[in-house]
Each structure stands twice: as C-alpha cells, then as structure tokens.
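# Structural characterization, general
Read off the chains here:
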Amino acid sequence: MFVPPVAGACAELSGESAAPALADWCAGLRGAALTIDGLSCRFGGLVAVDDVGLQVEAGEHVALVGTNGSGKSTLLRAVLGLQGRSRGRIVLDGTDARSPGEWDARRRLAPWIPQRQATGRFPLTVDELLDSSGHRAAAVGVATRLGVAALARQPLHTLSGGQLQRCFIARAFGAMANGGRLLLADEPTAALDFDGRDTVAGLLRALPASVLVATHDRAVAARCDRVLEMANGRVREVRM
Amino acid sequence: MSADTLAAVLGLAVVHRAIAALLITGVAMPVVGVFIIGLDVVTMRFAMMHVALLGVAVGLMTGFDPTACAVLLCAAAGASLAPFAGRRDGLSGPMVMLMTMAIAAALLVLSISGVNAAGAFELLWGSLLAVGMRELVLVAVLAVAVLAIYLGFRRPLALLLFDIELARCSGVRVEALATLLLVTVAVAVAAALPLTGALLVDAVTLLPALSARNLARSFDGMVGLSMVFGLVGNSVGFVIALLVDLPLGPILVLTAGAITLLTFVVGRKR
Ligand SMILES: Nc1ncnc2c1ncn2[C@@H]1O[C@H](COP(=O)(O)OP(=O)(O)OP(=O)(O)O)[C@@H](O)[C@H]1O
Ligand SMILES: [Mg+2]
C-alpha cells in the first residue's frame, strides 16, 4: 500500500503558496478502517445495494467504479446513515452506528463530498459552507488551492457547477481536519475542468487518511490503492 | 382625521396596545416567516387556523380555556410534523393532511357538543384594535423566544434551512432543532391570530420574509432584512391608516405587499 509521506502530503494539500498553518492540521491526519458486511439497501422493490461486503484498511485509498445506477452513491450514503439499510453491518473505526449519537460521531469521522451538491432554498455563502466543516482554516486553505476562496461572500446558488463542487471539496477537507478519518467522495471531479481534475486527484492522493471514492474518472481511480467495481448493487475487485 | 381626533385616538389604551402589538409582531413575526419559508411550510397559517379552531372547539366543549387549548393543540400539531422534516418529499403533504383532519375534527366536536360554532370562528377575525393584555403578553413572550432561538442557533439554523443533509453532516441535531422550530412557528402563528386576524398573519409574517429573500445573500442578512421590512411595513401602514382613516388590517397588508413588490423589482435588477 502506498502511504504518502506526511510532509509531502502537506505540501500537496497547501500548494506552493502554502500558509504555514496548513501543515498543522494535515500532520494530525490519520485513517480509520471501514468494514462493510452483508449490506443491502432497497428502494421499494429495487435492491440498490445487494449483499455487499468490502473493506477499506486504515489509510487505504479505494476507488468505487461502475455503471450509472449501480449503487455507488447509495452505498456511500448508507455509510453516513443518510440512506437506510435493510440489513448488514457498517463498521467504521470499530463501531457500527445505531443510535443518533453514534451516527453523529460517524458523520464526523466520515466527511462526505456529495455527488449532487445542494444549492438550497436559502441563501448560504461560500464562507458559511466552509465554516460548517468545523475547521475553517483548513477548508479555506484548500479553497484557496482550488481557486474558490475569493468567492467567500458569494451565495452558493450563484456559483457555477464546478465552483460549487470545488467549495464542497474544500469543505470536506476542512471536515477531515476536524477529526475526519475516512473521506467519502462521490464523483468529486465530475463537474471540474481538466486542471481541476488533476488538482483534486492529487489532493485526494495526498490525503494521509482513508478514502473511499466513487468515480468515473480514470485519473482518480488510477491513483487509488485498489479499485472495486459495482454492478447491479454488487461489488467485485478489479485490476486497473 | 383632524388633529384633535388624532390626538384623542392616540391617547386611547387600546391604541397603545395596538401599537405595541404592531412593533412586537413587526420584529418577531418576520423571523417566524423566515423559518416558515426555510422549512417549506408556507401553509402553516392555514393549518394552524384549523388546528386552533379545533382547540377552541375542544375548549368550548370541555370548559377549559379555549385560547390555552388552541395554543397547546397547535404546539402538539407542530411537534407532530417534526418527523417529516427530514424526508425528501418535504412537509407540504403532511401539512395538508393535518389541516383537513383538524377542521373535520373541529366540526365534529362542535356538532357533538352542540355549542355555537360562531363563537369558535371568532378567533379568525382577530383585530389589532381589540387586543387584550393577555394576548399581547403571550405574543411578547413568543417574540422573545423566537429571537432567542435565532440568536442561540444561528449557525445550525442556517445549515438546517439550507439543506437538511448538509446540516446532518455538520453535526446539527436536525430532529431536535426541527421540532423546536416547528413548535415555535405553530404557536407563534396561533398566538398572532387573535391579534391580527387570519388575513394579516401572512402580511406580518411571510411578506417581510419574502421581501428579505429577494435581496439577502446570506441567512443572517435574510433575518435582519426581514425584521427591518416587518417594522417599517407595520409602522408605515399604521401611520397611513391613521392619516387616511381607513381600516388598519387591509392597509397593513397592502403596505407589506408594496414593499415585497418593490424588493422583487430591485432584486431582479441586481
Ligand atoms: N431515492 C431513491 N428512490 C428510488 N430509487 C433510487 C433512489 N436513489 C437511487 N435510486 C436507485 O438506486 C439505484 C442506485 O442508485 P445510485 O445513485 O446509488 O447509483 P450510482 O452508482 O451512484 O450511479 P451514478 O454513477 O449515476 O452516480 C439506481 O437504480 C437508482 O435509480
Ligand atoms: Mg452516484
């Protein structure tokens, strides 16, 4: 398994124009193991996730690829309790969340980059979004790296699709700095331009924590330790 | 109106209470309106009218204080909506359900108890110039509660009203906060009914919030602007009604409506 050296990771995460403070949060990062066992999620008669078992070791980066509608997003959402399960275990860092308190802890351990970023019914600024990560400095640092920090006072519904995605990525990195140990990234590069894809693929690779990323982006998948393929709600390992 | 009559009118205790009610509702109800729009429960006023009616009916039948029954029942109705707040389909479906069931139940209760239905419906024709001390105090208490909730939960509120999943993922106790909001909104609307009447509730609640949404760029901005619009609308409306000597209610609605229209035009140009 490729373990990025922390110093290199910090340089990557902060870019050349590194603020020294960035090194602090990134040096404290580490991964947690995720074990999914016999997980099924249904939507009425449709079995979106079908008896899935998978393992992400602490610090390991795993890509989840597969056709549209194969169940990747549903799986990630189930890890966060945003999606109910009909059976199975989802153990992160030794705990299978059941109570509301455990789910709260789970969501803090596992920051999420949603595939469909909310623009909301209500005005919320980029700044407020970054702040919601719980670690403003880290989120702003990554937003700077991604070129969206200047939009701080802009309401989210006025951003372009790619700008919005960059903001949610920055937020997720901030949340990693706030005690996150497994990043759940759902198509994090889908709306990005060519440069943005490269940058984000590099940022993900540099993250010294566990990563489970659902993606159709070969560059992102190629930089993961392992690639799993989903088809019709089931998972199998593939070689890239 | 001549200067003498104007002075006489302004000296009346009922007018003092009306002014107090206008100022209090002008500051607090727009914030309730922001919550209402954010939770997507714009039909809350209709629902609470019906639930309050049921409360009054129950009060008349059982001999308990009708207003207290109405407020309690509205609080319960608000709380009962909370479990739906986290669902994707939103709250409008459950609201319609609640509303129709409540009115049916109210009519049944009235029919069974044989009390005069007109007494219950009086609730809906509240008037600022008939505000009693009791109603005024109730609204003042709620106004303080509403402002305290806003100040105490600014950050989680902004997230919850923006997107419930983002709020959940940011550690916001979504269920608890949604319950608190829904109960507060329900009770505030019910408490404002006898002050303003059913028609005016929307003018002091929803219109300032809508005006604010047309211009605001952040949650705090929206709350602040809605309060400004609420206060300005109520004050200007009151003065106009006095000067032209026309009924207060419709003039207030028209003033608030004119402000909303203006913000819509200005907001589109930006
Ligand atoms: N809320 C829902 N209600 C009903 N069916 C749903 C819902 N969400 C997803 N599905 C169905 O579940 C299946 C899996 O959806 P999911 O979003 O997990 O796919 P995915 O692998 O993420 O696809 P994509 O690559 O397009 O993002 C699909 O068939 C989809 O239609
Ligand atoms: Mg998906």
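Computed from a prediction, not measured in an experiment: that's the story for all the values here.

Attention shifts here to the overall build of chain A. In terms of regular secondary structure, chain A is built from nine helices and 10 strands. Split into buried and exposed, the 240 residues of chain A put 56% on the buried side. Considering only contacts within chain A whose residues lie at least 6 apart along the sequence, 71% involve residues at least 24 apart. Only carbon and sulfur atoms are counted for the fraction: they give 50% of the accessible area of chain A, which is about 9900 Å².

Right, let's talk about the nonpolar core for a bit. Of all hydrophobic cores here, the largest spans 111 residues; its most connected members are L183(A), F35(B), M44(B), M48(B) and F219(B). For M44(B), the contacting residues outside a window of four places in its chain are I36(B), L81(B), M95(B), L182(B), V185(B), A186(B) and V189(B). Of all hydrophobic cores here, the second largest spans 29 residues; its members include I36(A), L82(A), W112(A) and C169(B).

Before going further, it helps to spend a moment on the site of ligand 1. All names here are of chain A. Neighbouring ligand 1 are 14 residues, the closest being G69, K72, S73, T74 and Q115. Here an oxygen atom of ligand 1 and a backbone polar atom of G69 are 2.8 Å apart. For ligand 1, an oxygen atom lies 2.8 Å from a polar atom in the side chain of K72. In the complex, 62% of the free accessible area of ligand 1, which totals 630 Å², lies under the protein chains. Ranked by the residues each element gives to the shell around ligand 1, the list is headed by helix α3 (residues 72–79), at three residues. Here the shell around ligand 1 is composed, by residue class, of three nonpolar, nine polar and two charged.

Once that is clear, we can look at the pairing of strand β1 (residues 34–43) of chain A. All names here are of chain A. The sheet contact formed by β1 and strand β2 (residues 46–56) spans seven bridges and is antiparallel. The residue bridging T35 from the neighbouring strand is Q55, located in β2. Hairpin connection, β1 to β2: the antiparallel pair is bridged by two residues, and G44 has positive phi, about 60°. By the bridge criterion, five bridges tie β1 to strand β4 (residues 87–92) in an arrangement that is antiparallel. Counted as the bridge partner of L34 is L92 from β4.

A few words now on the environment of L215(B). In this fold, L215(B) is placed in helix α10 (residues 174–215). Between the C-alpha atom of L215(B) and that of L225(B), which follows or precedes it by 10 residues, the distance is 8.2 Å.

Hydrogen bonds between backbone groups are what pair the strands of a sheet, and the pairing can be parallel or antiparallel. Residues and elements named next belong to chain A. Taken together, the four strands give an open sheet; going across it, the order is β2-β1-β4-β5, and neighbouring strands pair in antiparallel fashion. Since the sheet does not close on itself, it has two edges, and those belong to β2 and β5 (95–96), each with one partner. For β4 and β5, the ladder comprises two bridges, and the chain directions are antiparallel. Paired with V91 across the strands is D96, a residue of β5.

A few words on the interface of chain B and chain A. Each side of the interface is counted separately: chain B has 24 residues, and chain A has 24 residues. Carbon and sulfur atoms supply 60% of the area buried between chain B and chain A, which totals about 2200 Å² over both sides. Its largest share of buried area at the contact with chain A, chain B owes to F162(B), C169(B) and R217(B), together 33% of the area lost on that side. Counting the contacts that link chain B with chain A gives two salt bridges.

Residue and element names in this part refer to chain A. Burial of α3 is extensive: eight of the eight residues sit out of reach of the surface. Buried residues of α3: K72, S73, T74, L75, L76, R77, A78 and V79, and no others. G81 sits one or two residues past α3 and shows a positive phi near 75°.

Glancing now at the packing of helix α3 (residues 44–62) of chain B against helix α4 (residues 66–81) of chain B. Residues and elements named next belong to chain B. Viewed as axis vectors pointing N to C, α3 and α4 meet at an angle of 135°, and their least axial separation amounts to 7 Å. Taken together, the axes of α3 and α4 are oblique relative to one another. The way α3 lies across α4 gives a crossing that is right-handed. Contacts from M44, M48, V51, A52, L54, G55, V56, G59 and L60 of α3 reach α4 at P66, C69, A70, L73, C74, A77 and L81. Each residue belonging to the contact of α3 with α4 can be placed in one class, and the counts come to 14 nonpolar, two polar and no charged.

Reading fine detail from the predicted coordinates is not recommended where pLDDT is low. All names here are of chain B. Within chain B, residue pLDDT values average 87, and 96% of them lie at 70 or more. The spread of mean pLDDT over the elements of chain B runs between helix α6 (residues 117–121), the lowest at 67, and helix α11 (residues 219–244), the highest at 94. Here the prediction assigns the complex a pTM of 0.87, and the interface score ipTM is 0.88.

About the cut-offs
- Residues numbered from 1 in each chain as written.
- Chains lettered and ligands numbered in written order.
- Predicted model: local features only at pLDDT ≥ 70, side-chain atom pairs only at ≥ 80, totals over all residues.
- Heavy atoms only, no water.
- Helix = DSSP H or I, 4+ residues; strand = E, 2+ residues; numbered from the N terminus.
- Buried < 20%, exposed > 50% of the residue type's maximum accessible area, 1.4 Å probe, protein only.
- Contact = heavy atoms within 4.5 Å.
- Areas by Shrake-Rupley, 256 points an atom, 1.4 Å probe, with all protein chains shown as cover.
- Core = buried A, V, L, I, M, F, W, Y, C linked by side-chain atoms within 4.5 Å.
- Near = heavy atom within 4 Å.
- Polar contact = N/O pair within 3.5 Å; in protein donor to acceptor, adjacent residues only side chain to side chain.
- Nonpolar A, V, L, I, M, F, W, Y, C, P; charged D, E, K, R; others polar.
- Pairing = 2+ DSSP bridges.
- Buried area = accessible area lost by both parts, 1.4 Å probe.
- Salt bridge = Lys/Arg side-chain N within 4 Å of Asp/Glu carboxyl O.
- Axes fitted to C-alpha atoms, helices over the stretch in contact; angles between N-to-C directions.
- Parallel < 35°, antiparallel > 145°, perpendicular 65-115°, else oblique.
- Left-handed = near helix turned anticlockwise from the far one by under 90°.
- pLDDT = per-residue confidence, 0-100.

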